[in-house]
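This is what each chain is made of:
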Amino acid sequence: MNQLADFPLWAAIVVSLLCLGGALLTFIGCLGLARFSSFYARIHAPTLGTSFGTVGLLAASMLYFTVSAQRVAVHEVLILIFVSVTTPVTLMLLARAALYRDRAERNGNVPDSAGQDVVVESGDNLQ
Amino acid sequence: MSGEILFWSITISQVLLALAMLAASLRMIAGPRAQDRILALDAFYVAAMLMLILFGIRTGTSTYFEVALIVALLGCVGTVALAKFLMRGEVIE
């Protein structure tokens, strides 16, 4: 950090704002994860970190390395594409698993499945 | 001037991410069911990956970027495997 006394001021301000914004959004998301009352409310909160937090910090990293090394650093886009593609898939799988467990235990806080059973029954009739 | 701005903003961001990891680990300890713990582990992975990117900006090397890429890959695969285990009782059928 000491070798960067000649880092341009505008770039330092933009990198700082992107870092602070991304970290703050990630912190708010994890705070919601710790404080919300039910699982289906909780599963929404950390996506704040995986969407805006990741975008902010990766944009800060890209800008920092582009300005300081005088070359275009775009390999952060790899992480961005990967996280933004896989997060909805994993959280959808996790929500389906939690819904399956709640329905199998019949503990009353989730509705019974209507559409899924109808589809399965019609499939059985076709056979 | 710009060095001090970068130093303090990255330090504050790292403190915020450490608090985020602390909140996720509290949910991982307290979470009433297994799916809460898996969700907290996923959030913990994401916060750790962002923390590694901040370490990369702080030190000015791109080695931390590779580590963050691997953490992003393995965190996703781990969450998928644990969700599959909750759904089916086995990971590989």
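Treat the numbers as computed from the prediction; the structure is a model and nothing was measured.

Conventions adopted
- Residues numbered from 1 in each chain as written.
- Chains lettered and ligands numbered in written order.
- Predicted model: local features only at pLDDT ≥ 70, side-chain atom pairs only at ≥ 80, totals over all residues.
- Helix = DSSP H or I, 4+ residues; strand = E, 2+ residues; numbered from the N terminus.
- Rg over C-alpha atoms; globule rule 2.2 N^0.38 Å.
- Buried ≥ 20, exposed ≤ 12 C-beta atoms within 10 Å, placed from the backbone.
- Contact = placed C-beta atoms within 7 Å.
- Expected span 1.5 Å × (residues − 1).
- Core = buried A, V, L, I, M, F, W, Y, C linked by C-beta atoms within 7 Å.
- Axes fitted to C-alpha atoms, helices over the stretch in contact; angles between N-to-C directions.
- Parallel < 35°, antiparallel > 145°, perpendicular 65-115°, else oblique.
- Nonpolar A, V, L, I, M, F, W, Y, C, P; charged D, E, K, R; others polar.
- pLDDT = per-residue confidence, 0-100.

Draft legend 1. View of the overall build of chain B. For chain B, the helix and strand inventory stands at three helices and zero strands. Reading chain B from its N end, one meets helices and strands in the order α-α-α. Relative to the globule expectation of 12 Å for 93 residues, the C-alpha radius of gyration of chain B, 16 Å, shows a markedly less compact shape. For chain B, the spread of C-alpha atoms along the principal axes amounts to about 55 × 30 × 10 Å. In chain B, buried positions account for 40% of the 93 residues.

Draft legend 2. Highlighting the overall build of chain A. Scanning chain A from terminus to terminus reveals five helices and zero strands. Reading chain A from its N end, one meets helices and strands in the order α-α-α-α-α. Relative to its full complement of 127 residues, chain A shows a buried share of 31%. Once local pairs closer than 6 in sequence are excluded, the contacts in chain A between residues at least 24 apart make up 55%.

Draft legend 3. Quick peek at the interface of chain B and chain A. In this assembly, 47 residues from chain B lie in contact with 50 residues from chain A. Every element with two or more residues in the side of chain B that touches chain A is listed here: helix H1 (2-30), helix H2 (34-59) and helix H3 (63-88) of chain B. In terms of residue count, H1(B) provides more of the side of chain B that touches chain A than any other element does, 17 residues in total.

Draft legend 4. Just H2(B), in detail. The first and last C-alpha atoms of H2(B) sit 37 Å apart over 26 residues, in line with the 38 Å expected at 1.5 Å per residue. Just downstream of H2(B) lies B:Gly60, where phi reads positive at about 80 degrees.

Draft legend 5. Structural detail: the nonpolar core. Grouped together as the largest cluster of nonpolar side chains are 53 residues, with contacts concentrated most on B:Leu17, B:Ala24, B:Ala47 and B:Ile53. Secondary-structure elements contributing two or more residues to this core are helix H1 (9-35), helix H3 (47-68) and helix H4 (76-105) of chain A together with H1, H2 and H3 of chain B. At 15 residues, the largest contribution of residues to this core is made by H2(B). Excluding its chain neighbours within four sequence positions, the residues that come into contact with B:Ala47 are A:Thr26, A:Cys30, A:Gly49, B:Leu17, B:Ala20, B:Met21 and B:Ala24.

Draft legend 6. A look at the environment of B:Leu69. Topologically, B:Leu69 is positioned in helix H3. Note on B:Leu69: 18 C-beta atoms within 10 Å, which makes it partly exposed. Spatially, the C-alpha atom of B:Leu69 lies 9.6 Å from that of B:Leu52, the residues being 17 residues apart in sequence. Leave out the neighbours within four places in its chain, and B:Leu69 touches A:Leu78 and A:Ile79.

Draft legend 7. Main features of the environment of B:Thr11. Examined against the element boundaries, B:Thr11 turns out to sit in helix H1. Spatially, the C-alpha atoms of B:Thr11 and B:Ala48 are 15 Å apart, while their sequence positions differ by 37 residues.

Draft legend 8. Main features of the packing of H2(B) against H3(B). Residue and element names in this part refer to chain B. Following both chains from N to C, one finds H2 and H3 inclined at 175 degrees, their axes separated by 9 Å at the closest point. Relative to H3, the element H2 is oriented roughly antiparallel. Within the contact of H2 with H3, the residues separate by chemical class into 18 nonpolar, five polar and one charged.

Draft legend 9. Structural detail: the confidence of the model for chain B. Residues at a pLDDT of 70 or more form 99% of chain B, whose mean pLDDT is 88. With pTM at 0.84, the complex prediction returns an ipTM value of 0.89.

Draft legend 10. Quick peek at the packing of H4(A) against H2(B). H2(B) packs onto H4(A) with a crossing angle of 170 degrees between their chain directions and a minimal axis gap of 10 Å. With respect to each other, H4(A) and H2(B) are oriented roughly antiparallel. In contact with A:Thr90, A:Leu94, A:Ala97 and A:Ala98 of H4(A), H2(B) contributes B:Gln35, B:Ile38, B:Leu39 and B:Asp42. When grouped by side-chain class, the residues that make up the contact of H4(A) with H2(B) number five nonpolar, two polar and one charged.

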